[in-house]
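Summary of the model geometry
Chain residues, written in single-letter form:
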Amino acid sequence: MAYNKPKPDDRSDNVEKLQSMIQNTIENMEEAEATMEFSTPEERANIEAKNERRRESIEGYRAEIKDEAAYSRKNQ
């Protein structure tokens, strides 16, 4: 039976990935808001709810970026 050794934790590009995720989420929010003009009231409510969840995700991503920055400073 082969022993599967876990890969080492490579956090070197996490900040860049998180920033990209934030940018993509913002773009999705903007596109959703643009479609609201042509939406029914129910669809509009769904879009607003989804964009609120996206805002919460962005806050989480930003908190992760701060964590990654602290980790990088600690390990330099």
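Here we summarise the structure given alongside this text. (Residues numbered from 1 in each chain as written. Predicted model: local features only at pLDDT ≥ 70, side-chain atom pairs only at ≥ 80, totals over all residues. Heavy atoms only, no water.)

1. Concerning the overall build of the protein chain
This is how it is decided: A helix here means a DSSP run of H or I that spans at least four residues, while a strand means a run of E at least two residues long, and both kinds are numbered starting from the N terminus. Atoms counted for the radius of gyration: C-alpha only. Globule rule: 2.2 Å times the number of residues to the power 0.38. Each residue's exposure class comes from its accessible area (1.4 Å probe, protein chains only) as a fraction of the maximum for that residue type: buried when under 20%, exposed when over 50%, partly exposed otherwise. Contacts are assigned to residue pairs that have any heavy atoms within 4.5 Å of one another. Neither His nor the chain termini are counted; the positive set is Lys and Arg, and the negative set is Asp and Glu. In this description, the location of a charge corresponds to atom NZ of lysine, CZ of arginine, CG of aspartate or CD of glutamate.
For the protein chain, the helix and strand inventory stands at two helices and zero strands. Taking 76 residues into account, the globule formula puts the C-alpha radius of gyration at 11 Å, and the protein chain, at 18 Å, lies well above it. Relative to its 76 residues, the protein chain shows a buried fraction of 18%. The long-range fraction of contacts in the protein chain, counting pairs at least 24 apart against all pairs at least 6 apart in sequence, stands at 66%. When the 13 basic and 18 acidic side-chain charges of the protein chain are each reduced to a single mean position, those positions are 7 Å apart.

2. Some thoughts on the nonpolar core
Here is the rule: Throughout this description, the term nonpolar core refers to a set of buried Ala, Val, Leu, Ile, Met, Phe, Trp, Tyr and Cys residues connected via side-chain atoms within 4.5 Å.
Grouped together as the largest cluster of nonpolar side chains are six residues: Leu18, Ile22, Met29, Ile58, Tyr61 and Ile65. Of all the secondary structure elements, the ones that give two or more residues to this core are α1 (14–35) and α2 (41–74). Apart from the residues lying within four places of it in its own chain, the contact partners of tyrosine 61 are Leu18, Met21, Ile22 and Thr25.

3. A look at the side chain of threonine 25
Assignment of secondary structure puts threonine 25 in helix α1. What makes threonine 25 buried here is its relative accessible area of 11%. Dropping the residues within four chain positions of it, threonine 25 is found in contact with Arg54, Ile58 and Tyr61.

4. Remarks on the pattern of salt bridges
Side-chain pairs of opposite charge can arise where the charged atoms are in close proximity. Just so we agree on the cut-off: Each reported salt bridge corresponds to a side-chain nitrogen of Lys or Arg within 4 Å of a carboxyl oxygen of Asp or Glu.
The tally for this structure, following the rule as stated, stands at three salt bridges. Taking the shortest distance from any N to any O, the salt bridge between lysine 17 and aspartate 13 comes out at 3.6 Å. According to the relative accessible area criterion, aspartate 13 is partly exposed, its value standing at 29%.

5. Here we look at the side chain of arginine 54
Following the sequence through the fold, arginine 54 ends up in helix α2. Put simply, arginine 54 is tucked away with no salt bridge, and the nearest opposite charge, on glutamate 31, sits 7.6 Å away.

6. Observations regarding α2
What counts is decided by this rule: Any helix carries an expected span of 1.5 Å times its number of residues minus one.
Taking 1.5 Å per residue, 34 residues should reach 50 Å; α2 reaches 50 Å between its end C-alpha atoms and fits that length. Where α2 is buried, its residues contact α1.

7. Comments concerning the packing of α1 against α2
Definition in use: Working convention: axes come from line fits to C-alpha atoms, limited for helices to the stretch in contact. Angles between N-to-C directions cover 0 to 180 degrees. To sort the angles, those under 35 degrees are grouped as roughly parallel, those over 145 as roughly antiparallel, those from 65 to 115 as roughly perpendicular, and the leftovers as oblique. Two helices cross in a left-handed way if the nearer one is turned anticlockwise from the farther one by less than a right angle. They cross in a right-handed way if the turn is clockwise. For this scheme, ten residues count as nonpolar: Ala, Val, Leu, Ile, Met, Phe, Trp, Tyr, Cys and Pro. Four count as charged, namely Asp, Glu, Lys and Arg, and the remainder, Gly too, count as polar.
Running from amino to carboxyl end, α1 crosses α2 at an angle of 165°, the nearest separation of the two axes being 10 Å. As the angle between them shows, α1 and α2 are arranged roughly antiparallel. Here the hand of the crossing between α1 and α2 comes out left-handed. Split by residue class, the contact of α1 with α2 holds 11 nonpolar, six polar and six charged.

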